[in-house]
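A structural walkthrough
This is what each chain is made of:
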Amino acid sequence: MNEPARILRRLLVYLLILLVAGNLYITTFSNTFPIRSNSTTFLVACSFCLLLYYNRRVATEGRIKRLMLGIACQSISLMVVRGIKYTLLNGLDVLTRHAWYLYYVPILLIPAFLFCIALLVNGAETPLFRRRQRLVIAITLMLILLIVTNDWHQQVFRFQPGFMNWDDDYDYVWGYVLLTAWEYGLYLASAIVLIKKCRVARAKRHSWLIVLPFALGITLLLMQATDTMPRINGYELIGFPETVMLMVSGAMEVLMGLGLIPTNEGYGKLFRLSGLAAQITDRSGRVVYKSDAASELTPDQLAAPDGTRIGEHTILRRMALPGGFGYWQADVSALDRLNE
């Protein structure tokens, strides 16, 4: 399967997971903790899988990998807070209200992390990048501080005196407009930067793929904003947090598929076609990678010390690796002829 088809298939999997989650909630689960809007528990599990997926698939440690893991962690936080803010703390107005405020922490951090990834893709951690990253994170943290302290100043949400009927009777004020503009501005800036980088990078031929997750995400967001999202039993099929997860994880998938974020894929094929007679095993001796030129090794040979002769003119070399061992077979026939 060629790379565009592989990427499209994976994007379809993300969308199907989302639709399954929505259908499970609307048709099966009740609106009580820990379920809230489109099956929070199901989506927390998906977010946790995303965390493991990024940790295993992204090739090297570095800022991009840490930012991707940060996005996965924030998606878990987003779903958990969304799941408890109206149900678990029901009747505890102050705690419920602050859980509502905390909901905006991942809402703001996810686009900030995505924008930093966009700046890093196909580039380096230059002083200019570090200054931009510090600026983005600083503004994001200031907005987070603004929202979590809203009870004191009410410059994001303005309530009636004494917080009477606060859950239904409130107004959006300038702080909310600023917060929303910053959030959507970061998504838009990330999309522009990534589309531009894909067009000039080695993945130029398939650069159109990066448009798909953003186009789908924007379409869903507009449907939610205009109240045209399909509803089942009174509930939107896809909510705002799910749309964010779909758009961001889809963008990461495209970047990995196009090779703009290095992954661990393809090393098995490269190793197999290598002319070096070598193989890599895990700690239990199970072969993980093996070149076609390497002979099969017995359990006794795998356990043998480095430099063991396993053939008339073959010496087995062995070295420890993180999580396993590397073996390669050295042909010493020329050395043997000299020693004769």
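A few words on the environment of Ala294. Here Ala294 lies in the loop between β6 (287–290) and α12 (299–303). It is 7.0 Å that separates the C-alpha atoms of Ala294 and Gln279, two residues lying 15 residues apart in sequence. Ignoring sequence-local partners within four residues, the contact set of Ala294 consists of Ala277, Ala278, Gln279 and Gln329.

This brings us to a nonpolar patch on the surface. On the surface, Leu8, Trp208 and Leu212 cluster together into a nonpolar patch covering about 250 Å² of accessible area. By the element assignment, Leu212 lies in helix α9 (residues 211–225). Accessibility expressed as a relative area gives 33% for Leu212, which makes it partly exposed.

As a further point, take the side chain of Gln279. Position of Gln279 relative to the elements: it lies in strand β5 (residues 278–282). Reaching out from Gln279, the side chain makes a polar contact with the backbone oxygen of Ser295 at a distance of 3.2 Å.

Take a probe with the size of a water molecule and roll it over the atoms, and the empty space left behind shows itself. Taken as a whole and assessed by the stated rule, the structure comprises one cavity of 30 Å³ or more. Reported here for the largest cavity is a volume of approximately 50 Å³. Around the largest cavity, the lining residues are Leu50, Ile71, Ala72, Ser75, Ile110, Val244, Met245, Val248 and Ser249. Of all the elements in the fold, those that place two or more residues in the lining of the largest cavity are α3 (63–84) and α10 (240–257). A per-element tally of the lining of the largest cavity places α10 first, with four residues. Residues belonging to the lining of the largest cavity are distributed by class as follows: seven nonpolar, two polar and no charged.

What follows concerns the nonpolar core. By size, the foremost hydrophobic cluster in this structure holds 72 residues, and its most contacted members are Met68, Met252, Leu255 and Ile261. The residues touching Ile261, leaving out its near neighbours within four places in the chain, are Val58, Ile64, Met68, Ile117, Val121, Met252, Leu255 and Met256. In terms of nonpolar packing, the next biggest core, distinct from the first, is built from five residues, Leu297, Leu302, Phe325 and Tyr327 among them.

The next point concerns α9. In this model α9 runs 21 Å from its N-terminal to its C-terminal C-alpha over 15 residues, within 8% of the 21 Å that 1.5 Å per residue would give. Backbone geometry just downstream of α9 places Asp227 in the positive-phi region, at approximately 60 degrees.

Further remarks concern the pairing of strand β8 (residues 314–321). As judged from the three bridges shared by strand β7 (residues 308–311) and β8, these two strands associate in the antiparallel manner. Paired with Gly311 across the strands is Thr314, a residue of β8. Counted between consecutive antiparallel strands, the loop separating β7 from β8 contains two residues. In terms of strand pairing, β8 meets strand β9 (residues 324–331) through eight bridges, oriented antiparallel. Within β9, the residue paired with Leu316 across the bridge is Gln329.

What follows is about the confidence of the model for the protein chain. Mean pLDDT over the protein chain stands at 80; residues scoring 70 or higher make up 83%. The secondary structure element of the protein chain with the lowest average pLDDT is helix α11 (residues 267–273), at 64, and the one with the highest is helix α5 (residues 104–120), at 93. Low confidence marks residues 32–38, where pLDDT is under 50. Its contacts with residues over four positions away, or in another chain, come to 30 contacts.

Below, the discussion takes up the environment of Lys196. Among the structural elements, Lys196 can be located in helix α8 (residues 174–200). Sequence-wise, Lys196 and Ile210 are 14 residues apart; in three dimensions their C-alpha atoms are separated by 9.9 Å.

Before going further, it helps to examine the sheet that holds β8. Taken together, five strands build an open sheet; the order of strands is β6-β5-β9-β8-β7 and the sheet is antiparallel. On the outer flanks of this sheet lie β6 and β7, each paired with one strand and no other. Going from strand to strand, the sheet's axes swing by 30 degrees on average, the running direction of each strand aside. Bridging between β5 and β6 involves three bridges; their strand directions are antiparallel. Residue pairing for β6: Gln279 is matched across the bridge by Lys290.

We now examine the packing of α9 against α10. Relative to each other, α9 and α10 sit at 170 degrees, their axes nearing to 8 Å. Classified by the angle between their axes, α9 and α10 sit roughly antiparallel to one another. Facing Pro213, Phe214, Leu216, Gly217, Ile218, Leu220, Leu221 and Gln224 of α9, the residues of α10 in contact are Phe240, Thr243, Leu246, Met247, Gly250, Ala251 and Val254. Considering only residue class, the contact of α9 with α10 consists of 11 nonpolar, four polar and no charged.

About the thresholds
- Going along each chain's sequence as written, the residues are numbered from 1 onward.
- It should be noted that, the model being predicted, local features are given only for residues of pLDDT at least 70 and side-chain atom pairs only at 80 or more, the latter also being counted only at that level, while totals for whole chains, interfaces and linings use all residues.
- The side-chain values count all of the structure's non-hydrogen atoms but skip hydrogen atoms and water molecules.
- Runs of E in the DSSP output that reach at least two residues are strands. Runs of H or I that reach at least four are helices, and both are numbered from the N terminus.
- Two residues form a contact once any of their heavy atoms are found within 4.5 Å.
- Residues enter a patch when their relative accessible area is above 30% and they make no salt bridge; the linking distance is 9 Å between like charges and 5 Å between nonpolar side chains (Val, Leu, Ile, Met, Phe, Trp, Tyr).
- Surface accessibility follows the Shrake-Rupley procedure with a 1.4 Å probe radius. Residue values consider only the protein chains on display as shielding.
- One speaks of a salt bridge when a side-chain nitrogen belonging to Lys or Arg is within 4 Å of a carboxyl oxygen belonging to Asp or Glu.
- Throughout this description, buried means an accessible area under 20% of the type-specific maximum (1.4 Å probe, protein chains only), exposed means over 50%, and partly exposed covers the range between.
- Polar contacts here mean pairs of N or O atoms no more than 3.5 Å apart (in protein, one a potential hydrogen donor and the other a potential acceptor; neighbouring residues in sequence count only if both atoms are side-chain atoms).
- A cavity, in this analysis, means grid points on a 1 Å lattice covering only the protein atoms where a 1.4 Å probe fits yet has no way out; a pocket is instead an open set bounded by protein on both sides within 12 Å along at least five of seven lines, and a residue lines either one if it has an atom within 4 Å of a point.
- Grid points are joined across faces, edges and corners, and a volume is the space filled by probe spheres set on the points.
- Throughout, the ten residues Ala, Val, Leu, Ile, Met, Phe, Trp, Tyr, Cys and Pro are labelled nonpolar, Asp, Glu, Lys and Arg are labelled charged, and all others, Gly among them, are labelled polar.
- Nine residue types can take part in a nonpolar core, namely buried Ala, Val, Leu, Ile, Met, Phe, Trp, Tyr and Cys, and a core is a set of them joined through side-chain atoms within 4.5 Å.
- Helix span, expected: 1.5 Å multiplied by one less than the number of residues in the helix.
- Note on pairing: DSSP must find at least two bridges between two strands before they are called paired.
- Confidence of the predictor at the level of single residues is captured by pLDDT, which takes values from 0 to 100.
- All axes are obtained by fitting lines to C-alpha atoms, using only the stretch in contact for helices, and the reported angles, taken between N-to-C directions, cover 0 to 180 degrees.
- Each angle is binned into one of four classes, with values under 35 degrees roughly parallel, values over 145 roughly antiparallel, values of 65 to 115 roughly perpendicular, and all other values oblique.

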